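# Close look at the chain arrangement
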Amino acid sequence: MYFTKGQASGAKAGKEYFFKPALVSAFKHGYGLGDFRHDAVAGLTVAIVALPLSMALAIASGVSPERGLYTAIVGGFLVSLLGGSRFQIGGPAGAFIVLVAATVERHGYDGLVLATAMAGLIMLAIGAFRLGTYIKYIPYPVTVGFTAGIAVIIFASQLRELLGLDLAKEPAAFAPKLAALWSAIGTIRPATVVISLACIAAIVLIRKFRPHWPSFLIVVIGSAALAALLQLDVATIGSRFGSVPNALPAPQLPPFSIEKMHAVLPDAIALALLGAIESLLSAVVADGMSGMRHRSNTELMAQGAANIGSVIFGGIPVTGTIARTATNVRSGAKSPVSGILHAVYLLVFMLVAAPLAVYIPLAALGAVLAMVAWNMAERHEFWTLIRTSWADAVVLLATFLLTIFDDLVTAIGVGVVLGSLLLLHRMAQSVNVDMSHPANGEGYDPGVASDPDVMVYRISGVFFFGATAEVSIALDRMGEHPRAIVLDFSEVPLIDTTAVNALAAFAKKYDRRRTRIYLVGLRPDLKRALVAAKLHRYARFAKDIDAALQRLKPSLTA
């Protein structure tokens, strides 16, 4: 079994096997010491970015910080080892925060483990049945809408840490969360606010003046040192979660039962859908930056395996991460070895420096995630879509608001349905029936083309169920009973079954009136569809208008 040409990760055209990781292609086409040096540097750069981010994302998702590290190490390793992109970096992602936090709140961590493992199986199935290609058909306003909505939720989830609020339990849902945060507004800690603002300012300044420096790691280390030296009254990883383990836990299969699987199934579907979308978007970003091509179905199978592996080792859902993948490409990575090394570096960091993580202020991690939310909001694309098209604005705002106030699966589902309906409306509006055809002018036999009993129409556009009513009305407006009607389909790329049935009804009606119907300019596949629908019983086929008029000439002059 193989893929079509052009889906290889930079490989030459040829057979693309059913499951062929990009790592295999990289080694097959030559991999030397120089490539390894580039990958080693890129992997280290990404690991430095991923270290604080993985812990911050885990905390924001409602679990302990070490689970983010487990995810980046195990999940990131498997994504790079098995994935279909040369540059994809796997790990915990901001897009998952809402779903993970809600799943943990409803079902506990064990429920999250089971839902993630089931999501992994779903992604394996999507890749195995080669369905990954269809994910690209999700409308762009939907992806911008849910990404912006997730950014808003991430920022809201960090207000507690940024302000140092004393809150016993923070709801996962957006509206109850804001209400709980407002009720605790009187517990703001000035020292925490100072740390938060200082970290955000430092990140902005470092990115402006020293963009190649690891801003996240610098502010996390700096704030930890400052808080420890000055004995600041701020919450830290140690004060809330205790010590961070300095080794991976033993693998453990998630406990499950039929009842539990049924309960977490909606969450598993949501995690699989979001993970598939996010990972393939990230792979596309890497393609655009590198000029390579990823294998979407191989990538999805790798993501499925990575999610299962992540939770077996105590992690949380994993996906391709756009920011870390882009960092990997910009850092000069040559192959998936960089992603594998990034996971190895993180494991070393955890083994060596885990005891020091207890000093990291949660405000610093909140500042990191606040900047992540700001960067992922896609503000320019959001306002451009709002201004450009009312239809895109409707899809965008519906997805955006449902992501914030309802849930991601509903938001994506409604967005896709709305986008599809609006597209069908546009397509239906673009179908045209030209009743003043040039057959009545030059270029045709004047004895036939000028005959008032011959009516020629050209249909242009996709003739489908959305346009059937309009086309039928236009054809029925002729009012008279001509001896012959020629329908030109040379500008029709597609006819669906609804349109075929409408065309058959039209042909039957005029056949009963002894009007000859000629269908011309049909593509071979369209002609086969019409013949299969028995339309040849009521209409004739001709190559073009001229051929139809020539065949009509004897009967008209008789």
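The text that follows walks through the structure, step by step, so that each part is easy to find. Values in this document were obtained by computation on a predicted structure and should not be read as measured data. (Residues numbered from 1 in each chain as written. Predicted model: local features only at pLDDT ≥ 70, side-chain atom pairs only at ≥ 80, totals over all residues. Heavy atoms only, no water.)

The subject of this paragraph is the overall build of the protein. Counting its secondary structure elements, the protein contains 23 helices and nine strands. Projected onto its principal axes, the C-alpha coordinates of the protein cover approximately 105 × 60 × 55 Å. Out of the 558 residues in the protein, the part that is buried amounts to 53%. Long-range contacts, defined here as pairs at least 24 residues apart, represent 80% of the contacts in the protein between residues at least 6 apart. Of the accessible surface of the protein, which amounts to about 24,900 Å², a share of 64% is contributed by carbon and sulfur atoms. Across the protein, 46 positive and 35 negative side-chain charges occur, with their mean positions spaced 6 Å apart. (Helix = DSSP H or I, 4+ residues; strand = E, 2+ residues; numbered from the N terminus. Buried < 20%, exposed > 50% of the residue type's maximum accessible area, 1.4 Å probe, protein only. Contact = heavy atoms within 4.5 Å. Areas by Shrake-Rupley, 256 points an atom, 1.4 Å probe, with all protein chains shown as cover. Lys, Arg positive; Asp, Glu negative; His and termini not counted. Charge placed at Lys NZ, Arg CZ, Asp CG, Glu CD.)

There is a patch of nonpolar side chains on the surface, built from Phe 129, Leu 131, Tyr 134 and Tyr 137 and spanning about 520 Å² of accessible area. Note on placement: Tyr 134 falls in the loop between helix H4 (97-128) and helix H5 (140-157). (Patch = residues over 30% accessible without salt bridge, like charges linked within 9 Å, V, L, I, M, F, W, Y side chains within 5 Å. Salt bridge = Lys/Arg side-chain N within 4 Å of Asp/Glu carboxyl O.)

Before going further, it helps to spend a moment on the nonpolar core. Among the nonpolar cores identified, the biggest contains 87 residues, and Phe 146, Ile 237, Ile 360, Leu 365 and Leu 369 are the most heavily contacted of them. The contact partners of Phe 146, leaving out residues within four places of it in the chain, are Leu 274, Ile 277, Glu 278, Thr 399, Thr 403, Leu 408 and Ile 412. In terms of nonpolar packing, the next biggest core, distinct from the first, is built from 33 residues, Tyr 457, Leu 503, Phe 506 and Leu 530 among them. (Core = buried A, V, L, I, M, F, W, Y, C linked by side-chain atoms within 4.5 Å.)

The subject of this paragraph is the pattern of salt bridges. In this structure the tally under the stated criterion is eight salt bridges. Across the pair Asp 488 and Arg 458 runs a salt bridge whose closest N-O atoms are separated by 3.2 Å. Pair noted here: Asp 488 is in strand S7 (residues 484-491) and Arg 458 is in strand S6 (residues 454-460), with a separation of 30 residues, a long-range link. On the accessibility criterion, Asp 488 (3% relative accessible area) is buried.

A few words now on the pairing of S7. Taking burial as the measure, the eight residues of S7 include six buried ones, the bulk of the element. As paired elements, S6 and S7 share six bridges and run parallel to each other. Counterpart to Tyr 457 in the pairing with S7 is Leu 487. Two strands pair when backbone bridges link them, and S7 and strand S8 (residues 516-520) are joined in this way by five bridges, in the parallel orientation. Paired with Ile 485 across the strands is Ile 517, a residue of S8. On the question of chirality, the crossover connecting S7 to the parallel S8 by way of helix H21 (residues 497-512) is right-handed. (Pairing = 2+ DSSP bridges. Right-handed = clockwise from strand over helix to strand, strands pointing away.)

Bringing the sheet that holds strand S9 (residues 540-542) into the picture now. Within a sheet, each strand pairs with its neighbour through backbone hydrogen bonds, oriented either parallel or antiparallel. An order of S5-S6-S7-S8-S9 is seen for the five strands of this open sheet, with the pairing classed as mixed. The open sheet has two edge strands with one neighbour each: strand S5 (432-434) and S9. In this sheet, neighbouring strand axes are inclined to one another by 25 degrees on average, regardless of whether the strands run parallel or antiparallel. (Axes fitted to C-alpha atoms, helices over the stretch in contact; angles between N-to-C directions.)

In contact at an axis separation of 8 Å, helix H2 (residues 33-60) and helix H13 (residues 322-330) are set at 165 degrees when each is read in the N-to-C sense. With respect to H13, the axis of H2 lies roughly antiparallel. Read as a crossing pair, H2 and H13 show a hand that is right-handed. Here Ala 42, Thr 45, Val 46, Val 49, Ala 50, Leu 53, Ser 54 and Leu 57 of H2 lie close against H13, whose contacting residues are Arg 324, Thr 327 and Asn 328. (Parallel < 35°, antiparallel > 145°, perpendicular 65-115°, else oblique. Left-handed = near helix turned anticlockwise from the far one by under 90°.)

The residue Lys 177 is located in helix H7 (residues 174-183) in this model. Ignoring sequence-local partners within four residues, the contact set of Lys 177 consists of Ala 156, Ser 157, Glu 170, Pro 171 and Ala 172.

A few words on the packing of aromatic side chains. Each aromatic ring pair is described using two quantities: the centre-to-centre distance and the angle formed by the ring planes. Applying the stated criterion across every chain, the model contains six aromatic pairs. Ring centres of Phe 382 and Phe 400 lie 5.2 Å apart, and the angle between their planes is 70 degrees; on these two criteria the pair is classed as edge-to-face. Highlighted residues: Phe 382 in helix H16 (residues 379-388) and Phe 400 in helix H17 (residues 390-405), separated in sequence by 18 residues. Each of the two residues, Phe 382 as well as Phe 400, counts as buried. (Phe/Tyr/Trp six-rings, centres within 6.5 Å; stacked < 30°, edge-to-face > 60°.)

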